[in-house]
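Architecture and fold: a report
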Amino acid sequence: MAMTTETQATLPVEHSPLAGMPHDTHGGISNPVLGMLLFITSEVMFFGGLFAAYFSIRANASQWPPTNVETGQPFSLAILPFVGPATILLILSSFTCQYAVLAIRRDDRTRFLRAMTITVVLGIIFLLAQVTDYSLLGAEGLTLSSGTYGTTYFTLTGFHGAHVFGGVIMLSVVLYRGMVGQFSSRHYDAVEAASLYWHFVDVVWILLFSLLYLLPGKTAAT
Amino acid sequence: MATTTLTPAATNSRSALYEWLTTTDHKKIGILYIVNSFVFFFIGGVFALGVRTELAQPGLQFFNDQTYNELFSMHGTIMIFLFVIPMLAGFGNYVVPLQIGAPDMAFPRINALSLWMLPLAGILLLLGFVTGGTAAAGWTSYAPLSENRPLSAVGHGQDLWILALVLIGTSSILGAINFLVTIFKMRAPGMTLFRMPILVWTVLVTAVLVLMATPVITSVLIMLFIDRNYGGSFFDPIARGGDAILYQNIFWFYSHPAVYVMVLPAMGMISEILPVFSRKPLFGYKAFIFATAAIGALGFSVWAHHMFTTGAVYLPFFSIMTFLIAVPTGVKMFNWVFTLWRGQLMLKTPLLFALGFLSMFLIGGIDGAMSASVPVDFALHDTYWVVSHLHYVLFGGSVFGIMAGLYYWFPKMTGKMMNETVGKAQFVLMFIGFNLTFFPMHELGLAGMPRRIADYSSTAGWNDLNLLATIGGFTIAASMTLLLWNLAISLRSGAPAGDDPWEGNTLEWATSSPPPPYNFDHLPEIRSERPLFDLRHGRTAEH
Amino acid sequence: MSSSPRSRSARPAIFALAIVALIVGVSLLLLAVGVNVLHIGDTFVAGLFPPVAVTQQGAKIRDLYTIVFLIAVAIFVVVEALIIWSVVRYRRKPGDDTLPPQTHGNNIAEFVWTIVPTLIVIFMFFVSWDTLNAVDTSAADAQTTKITAQAGQFQWQFDYIGPDGKTVVYTEFLPLVSQGGGMMVPAGRTVQLSLVSHDVIHAFYVPQFLFKRDVIPGRTNQFDFTVDAADAGQTFRGQCAELCGSGHSIMLFEVKALAPADFDKWLADKAAAATASPAPAPSGSPGSSSAPAPSGNPGASSAPAPSQGATGPTLQVTASGIQYVEKTLTAPANTPFQIVFDNQDPGTPHNVSIHKDSPTGEEVFKGEVFPGVAKKTYDVPALAAGTYGYVCTVHPTMTGTLTVQ
């Protein structure tokens, strides 16, 4: 990301095209962090659309989860052995991520790098668990094309997974930039922004997990 | 990492073309937005002429039903997503940083990315013509007609349509983030929120709408894509147990706010032009801002007025909200009129187009309030009356506003004036052609002509009005050739504009025409929403 | 940019006079070349109102439209007059450089033009709501005629429900009165119409009802209407109003109002004929759908004359996915022959009708319409040598070419 505010610091003052232009700099939130917050707002609305579709379809169904036409039994999802542990790891990664932010605020680069590495690794483990889970469900006959249940399940978790993937990439870039020494207690906007995004991804998963795995279904009223 | 963006590097060795293609200057990007939008305006206009030509007489003379459906679907999609929305974003890009005294947008490279997604999306959309047919389910692409099923959208056209819209949506979201950060973080000293020009305010509200609404249409498009390509079952009730109304609810949750995305910045442009050409401040500056914010907020609670006839929405709620949204719009209308009142009107081309906006948008707005009445909408929904209404809003409103803005800021962008005589001729022709095309559609709709039909019976009594509308359509086309001519002669040999040809109020007129990179050498003191007026005449009392 | 100092005395009055003179002049000119300006004016004003409603519900909607429209016109005239007056009155006079009073606003004015429009729209909402409650309710009783309109790409069919409220006593496959079909309704009696779609979204729209309702797959919509008793004998045109694909513009239908006694007799006759004929098609061969002579085409109604043993060959035609599988056929000249028509579209009615030269030419034979999945044999009379087109009466987009030699 091109961040004009960063540039100001790196250019000699008299050469900066912004030099003669004082700005509304009093205060607050930096451009990248504000940009990230706004981006997260739009992501909230994106997932809002998907969730709305899920609720609408679920509310219109006479029975939820619906019956799998191949087995005659209602679809079911298992929390163990993969999804439950993966959920715990993902929540944990939010804490390690925040720990990394706190560390770089204190200029503690060693702890920052360590915590960030753990976060990235946890994110990757989550993704691997999700892929394994998908293949198990596929073997049981639950796929994207098996009716409203499969479609909503895979769309919601798939898009969440894609966001986790994006988050892992983002954190990896932050980690790399940290390793080459680009961050300090005076300059860590990108860390802050990536961490906000990671928290958002985590919150979405907690919602998804509650909806898909914990919320009791309904049986057909005959 | 960002130093290359801003270093005024040795660009002399590079060609001008390379310079434009790689620019991150908000002014060049703004102009590229505008040029790109005009290209698609003309493509969409040709499609509209195709539609009008086919409808001039009963019988299928030029196209078959399928081609006709493709034509109006592409016309609607292009005009909305590749013309009006990006055009206004282009003006915003050019003008907003100047008006708030900023050197550029907050994220210049993301700005360039937003821009270049648009032509790519347009090409994807039009690729349908060479891959067996474009999308043909209307710009709304209601499911299940847009599903991959027999007699519906079986080809690649619909998928390309989805991809194009997702790209455009992403571009809009990135643009909105950019506008918001720029407006919140990059204002010049003294430029408090309530001293910002109205255009900046409308762009701000628009950006919020885009940020909140556009991701929602992205989600529905992706669901449709999954349905079409991966056996999903969101929207096809017959084959898979989905819900056809779900698509409409999510679609209109975006697409109604999108109407305000398409008209609010045009309102902002009018609100810059009317005060300058009446030599008065905008009447009720704060009331105008609150009205804009109210429209933005209410805009999220009226989406189902597009679905009154589905029998699947709670009618009284959406009816009253739709009626209520007429109130802030009315407030704006009165503020504009009383800005003119007792002013000193310079009847230059920008003001003429702005007055055209007032008169035509007035009709479009009143139409909107009429169709908020549910039983009346039962009669009018999906007829040509609605086509008329939406064109009075989006052509009579947005396009007249865009023309006003073009004539107003062209001198700033190029340093040259546009030709007044040709401009006035264009206005007269466009005004007549517009009303000739779209007013008869009110009567066609009342007489029962549904929209989106390729053919009609010669005994239905719709012949004369359709012919009239077609004549009007070609009159509009003629007015557009005048515009092209005017642009050509003005670019080549327009009179030099100087810094401030209109005695403007806002900061963009305080720098040279065209402005230098990073816009300003120095800024005047900002103590009101009209810093340049204060500079010329001294400050006038607030009330 | 400064305009040349032209006539300084151009006052608003002169300006207004010039406009009036222009309008009068143009009108006189048009009159002179034989255009009846007054008539055009009348047509223009009449065109701003919907057609006169033929249902009780439609009449209420029309009354509401009139109220709403008059309010709209009043607002338009007031605001537009303000705009025009401001432009004419406050044009900048050449050479006048005085700064106008710098009015920034007026809180009382803002208050007034917020409150007054709010009151107006709330009034409009309540009158609308009132009308909505009157037109969008169901008052079904024993007298109510129940009809289900089934929409599919791209045709309408009408199921008449028997007194038990469930059984379909008669199904009309042809949507137009001129084809011998159409939707018959009893004038003066309430009709409860259910709307069912098998594929995409359609909309049931009759302009003279001032009403439409979407026909949505997976969801049954319903509304009531009562055609005025005085309108018995009239036919009203209707049309699909929601884009439904490449045949959207041809998805027409007609509603014909009959006096209640005539309607009862008509329905009883149809129901009797339907039960008499073998399944699955609810109509006997010559009697119902094909016979009532489509506008005097020679040979059109002479169609199926129950098999006196055709001597020609037997041709196979299959319909699937609203398409004929066989797009070309060949038959011998001057010999009667048979067509075995296999309709494989479940629930969708098709037939084969043969037209001279092209599918839109003069009709020479019309096979009975019946829904799939089913098979029927048509006896086609002898045809002269030449090229013919065949088409499904219900789906004008289903066509093929028949060569007779």
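Residues numbered from 1 in each chain as written. Chains lettered and ligands numbered in written order. Predicted model: local features only at pLDDT ≥ 70, side-chain atom pairs only at ≥ 80, totals over all residues.

Overview of the overall build of chain A
Check the secondary structure of chain A and you find 6 helices and 0 strands. Mapped from its N terminus to its C terminus, chain A presents α and β elements in the order α-α-α-α-α-α. Looking at the 222 residues of chain A, the share that counts as buried comes to 36%. (Helix = DSSP H or I, 4+ residues; strand = E, 2+ residues; numbered from the N terminus. Buried ≥ 20, exposed ≤ 12 C-beta atoms within 10 Å, placed from the backbone.)

Considerations on the interface of chain C and chain B
Every contact between the two is made by 74 residues of chain C and, on the other side, 80 residues of chain B. Residue composition of the side of chain C that touches chain B, grouped by class: 43 nonpolar, 21 polar and 10 charged. (Contact = placed C-beta atoms within 7 Å. Nonpolar A, V, L, I, M, F, W, Y, C, P; charged D, E, K, R; others polar.)

Details of helix H9 (residues 244–278) of chain B
All names here are of chain B. For H9, built from 35 residues, the straight-helix expectation of 51 Å at 1.5 Å per residue is met to within 8% by its first-to-last C-alpha distance of 51 Å. The sharpest bend along H9 comes to roughly 35 degrees, located at Trp 252. Counting buried positions over the 35 residues of H9 gives 35, a clear majority of the element. Just downstream of H9 lies Arg 279, where phi reads positive at about 55 degrees. (Expected span 1.5 Å × (residues − 1). Bend = angle between axes of the 7 residues up to and from the residue.)

Notes on the packing of helix H4 (residues 65–99) of chain B against helix H7 (residues 198–230) of chain B
All names here are of chain B. Interaxial distance between H4 and H7 falls to 9 Å at its minimum, and their mutual angle equals 120 degrees. The angle between the axes of H4 and H7 places the two elements in the oblique class. You can see that H4 and H7 cross each other, and the crossing is left-handed. Packed against H4, whose contacting residues are Gly 92, Val 95, Val 96 and Gln 99, the element H7 presents Leu 199, Val 200 and Val 203 at the interface. (Axes fitted to C-alpha atoms, helices over the stretch in contact; angles between N-to-C directions. Parallel < 35°, antiparallel > 145°, perpendicular 65-115°, else oblique. Left-handed = near helix turned anticlockwise from the far one by under 90°.)

Observations regarding the environment of Leu28(C)
Residue and element names in this part refer to chain C. Positionally, Leu 28 belongs in helix H1 (residues 12–32). Residue class for Leu 28 comes out exposed when judged on the 10 C-beta atoms lying within 10 Å of it. Sequence separation between Leu 28 and Leu 64 is 36 residues, and the spatial gap between their C-alpha atoms is 37 Å.

Some thoughts on the sheet that holds strand S5 (residues 190–197) of chain C
Residues and elements named next belong to chain C. As summarised here, the arrangement of the 5 strands in space is S3-S2-S1-S5-S8, forming an open sheet in which the pairing is mixed. Bordering the open sheet on either side are strand S3 (168–172) and strand S8 (221–226), each of which pairs with just one other strand. Across the sheet, the mean angle from the axis of one strand to that of its neighbour is 25 degrees, orientation sign disregarded. Of the pairings in the sheet, the one linking strand S1 (residues 145–152) to S5 comprises 7 bridges and is parallel in character. Across the sheet, Lys 146 pairs through a bridge with Gln 192, a residue of S5. Sheet strands in contact with helix H5 (residues 260–276) are strand S2 (155–161) and S3, and its direction is about 95 degrees off that of S3. (Pairing = 2+ DSSP bridges.)

Some words on the confidence of the model for chain B
All names here are of chain B. Mean pLDDT for chain B: 92, with 97% of residues reaching 70 or above. Here helix H1 (residues 3–6) stands out as the least confident element of chain B, with mean pLDDT 43; helix H14 (residues 384–414) is the most confident, with 96. For residues 1–11, every residue scores under 50 in pLDDT, and the model assigns this stretch 18 contacts once sequence neighbours within four places are set aside. Across the interfaces of the predicted complex, the ipTM metric reaches 0.91, alongside a pTM of 0.88. (pLDDT = per-residue confidence, 0-100.)

Details of the pairing of strand S4 (residues 183–186) of chain C
Residue and element names in this part refer to chain C. On S4, burial covers both faces: Met 183 and Val 185 on one face and Met 184 and Pro 186 on the other are all buried. Alignment of S4 against strand S10 (residues 252–258), held across 4 bridges, turns out to be parallel. Residue pairing across strands places Met 184 opposite Lys 256, the latter belonging to S10.

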